Amino acid sequence: MRGSDSPLYRLEDLAFFYGERFELHIPKLDIPEGCTIGFIGPNGGGKSTLLKILSFLEHPHQGTILFSGVKVTPDANPFRRQVTILPQEPYLLKRTVFENVAYGLKVRGEKQGIRKKVHEALEQVGLMPGSFTSRSWHELSGGEAQRVALASRLILRPRVLILDEPTTSVDQSSALLIKESINACRRKLNTTLIISSHDHLWLNSVTHDIRKVYQGRIVGFATENLIFGPWKKSTDSLYEKILPDGQVIHAVSPQDAGATAILDPSDIVISTAHPDHLSAQNTLSGIVTQLSIEPFSDTMIMELNCGGQTLLCRITSNAARELNILPGERVWAVFKASSLRWY
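Keep in mind that what you see is a predicted model, and the values were worked out from it rather than measured. (Residues numbered from 1 in each chain as written. Predicted model: local features only at pLDDT ≥ 70, side-chain atom pairs only at ≥ 80, totals over all residues. Heavy atoms only, no water.)

Trainee: Tell me what's going on with the sheet that holds strand S11 (residues 225-228), and back it up with residues and numbers.
Mentor: As summarised here, the arrangement of the three strands in space is S11-S15-S21, forming an open sheet in which the pairing is antiparallel. Where the open sheet ends on each side, the last strands, each with one partner, are S11 and strand S21 (341-342). Two elements, strand S15 (residues 260-263) and S21, share two bridges in a ladder whose sense is antiparallel. When the sheet's bridge partners are listed, Ala-261 is paired in S21 with Trp-342. (Pairing = 2+ DSSP bridges. Helix = DSSP H or I, 4+ residues; strand = E, 2+ residues; numbered from the N terminus.)

Trainee: Explain the side chain of Asn-225 to me, and be specific about the residues and the numbers.
Mentor: Summarising the element assignment, Asn-225 is placed in strand S11. The class of Asn-225 is buried, set by a relative accessible area of 3%. A distance of 2.6 Å separates a polar atom in the side chain of Asn-225 from the backbone nitrogen of Leu-312. With sequence-adjacent residues up to four places away left out, Asn-225 is seen in contact with Lys-212, Ala-261, Ile-262, Leu-263, Pro-265, Ile-268, Thr-310, Leu-311 and Leu-312. (Buried < 20%, exposed > 50% of the residue type's maximum accessible area, 1.4 Å probe, protein only. Polar contact = N/O pair within 3.5 Å; in protein donor to acceptor, adjacent residues only side chain to side chain. Contact = heavy atoms within 4.5 Å.)

Trainee: Go over the packing of helix H3 (residues 97-107) against helix H6 (residues 142-154), please, and point to the residues and values.
Mentor: At their nearest, the axes of H3 and H6 sit 7 Å apart, and the two run at 30° to each other. Read as a crossing pair, H3 and H6 show a hand that is right-handed. In this structure, H3 contributes Val-97, Asn-100 and Val-101 to the contact, and H6 contributes Val-148, Ala-151 and Ser-152. In terms of residue class, the contact of H3 with H6 is built from four nonpolar, two polar and no charged. (Axes fitted to C-alpha atoms, helices over the stretch in contact; angles between N-to-C directions. Left-handed = near helix turned anticlockwise from the far one by under 90°. Nonpolar A, V, L, I, M, F, W, Y, C, P; charged D, E, K, R; others polar.)

Trainee: How would you explain the packing of H6 against helix H7 (residues 172-189) if you had to name every residue and give the values?
Mentor: Axis separation between H6 and H7 bottoms out at 10 Å; the angle between their running directions is 5°. Judged by the inter-axis angle, H6 sits roughly parallel to H7. Residues Gly-143, Gln-146, Arg-147, Leu-150 and Leu-154 of H6 pack against Ser-174, Leu-177, Ile-178, Ser-181, Ile-182 and Cys-185 of H7. Across the contact of H6 with H7, the residue classes tally to six nonpolar, four polar and one charged. (Parallel < 35°, antiparallel > 145°, perpendicular 65-115°, else oblique.)

Trainee: Can you explain the pattern of salt bridges? Please cite residues and give values.
Mentor: Under the defined criterion, the tally for this structure stands at seven salt bridges. For Asp-30, the salt bridge identified is with Arg-10, shortest N-O distance 2.7 Å. You can see Asp-30 sitting in strand S2 (residues 21-31) and its partner Arg-10 sitting in strand S1 (residues 9-18), a full 20 residues away along the chain. Using a relative accessible area of 25% as the deciding quantity, one classes Asp-30 as partly exposed. For Arg-314, the salt bridge goes to Asp-264, with nearest N and O atoms at 3.5 Å. Here Arg-314, found in strand S19 (residues 309-316), pairs with Asp-264, found in the loop between S15 and strand S16 (269-271); they are 50 residues apart in sequence, far enough to count as distant. What makes Arg-314 partly exposed here is its relative accessible area of 24%. (Salt bridge = Lys/Arg side-chain N within 4 Å of Asp/Glu carboxyl O.)

Trainee: Talk me through the nonpolar core; I want residue IDs and the actual numbers.
Mentor: Val-101, Val-118, Leu-150, Ile-182, Ile-195 and Trp-202 are the most contacted members of the largest nonpolar core, which has 38 residues in total. Those elements that provide at least two residues to this core are H3, helix H4 (114-124), H6, strand S7 (160-164), H7, strand S8 (192-196) and helix H8 (200-206). At six residues, H6 tops the list of elements feeding residues into this core. The residues touching Leu-150, leaving out its near neighbours within four places in the chain, are Leu-86, Val-125, Leu-161, Leu-163, Ile-178, Ser-181 and Ile-182. Formed by 28 residues, the second largest nonpolar core is a distinct cluster that contains Leu-50, Ile-53, Leu-54 and Ile-65. (Core = buried A, V, L, I, M, F, W, Y, C linked by side-chain atoms within 4.5 Å.)

Trainee: Can you lay out the packing of aromatic side chains for me, pointing to particular residues and giving the numbers?
Mentor: When we look at a pair of aromatic rings, we describe it by the centre distance and by the angle of the planes. Inspection of every chain in the model, using the stated rule, returns eight aromatic pairs. On the basis of an interplanar angle of 70° and a centroid distance of 5.1 Å, the ring pair of Tyr-9 and Phe-67 is categorised as edge-to-face. Taken together, the residues Tyr-9 in strand S1 and Phe-67 in strand S4 (residues 62-67) connect sequence positions 58 residues apart. Aromatic pair Tyr-214 and Phe-228: ring centres 5.3 Å apart, planes at 45°, arrangement tilted. Residue Tyr-214 is found in strand S9 (residues 209-214), and its partner Phe-228 is found in strand S11; the two are separated by 14 residues along the sequence. (Phe/Tyr/Trp six-rings, centres within 6.5 Å; stacked < 30°, edge-to-face > 60°.)

The structure is reproduced here in structure tokens:
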């Protein structure tokens, strides 16, 4: 049953533990059908665990998962056929490429048109069937093996395709082919794509919704800045964090000295000259390290290195052109202490 008025996934009060160690806590997460959503964050933050839960390979220790409006039980058998995951290091059978790609169909008992479907899946990932179907698994490069593993998922025509670091061990050409093949899958089948990646530029080019996973929680969108403690009191109303180069970030009332602050890139004003006329408590000097266009918008994300603290700032494309800002140039990031909120 497909619930047209409800999200494909709904997670509520979800928690997962490894032994006594807390791993994941998600009060609420909705994923609409047919969307492309990405997850970023440091290693050990909970991304891979979340993907295993969404692919029904793990079940949370507490909380509820609804899939198409139906509650998921620990066995999850009715749902597993609709979801497939490509892990970071996919396993290939010690057989030919053809047998690897066809394996899932044979397990499902499908017998009709297998050769045609295998050829179509290989073509979709940029591998010519005439050259690859008879090759053995050990004759493939890292990028080719990753694309064969992807083809073995695409052939199943999944309702949900989950990818865990799909471009980690591939070259730029393979990364582009992976992008094109999963986008084609989404367009043709309305497949929901859920992707975890450290390659933020690649992820930004294939998704329209990227969330940040940190210490087992979804703390916001990918472009939001995380500023870690320690914080110490500077005045009656402000606290400060001293950066490696001696610059200072001021904040209002952290919960404790080790608290993590979240700063929205839209709350930062960029100036190409020292902004003596602005009264905000924070004025940081930084070097522009990267500029990228935000998908589906007329805005850009500017990445700055401010004395060892990376800051992402959002500006319009017109403003970037008028200011003539390029990587390598020095600018000033200005924001209020009250703009920092606490994780």
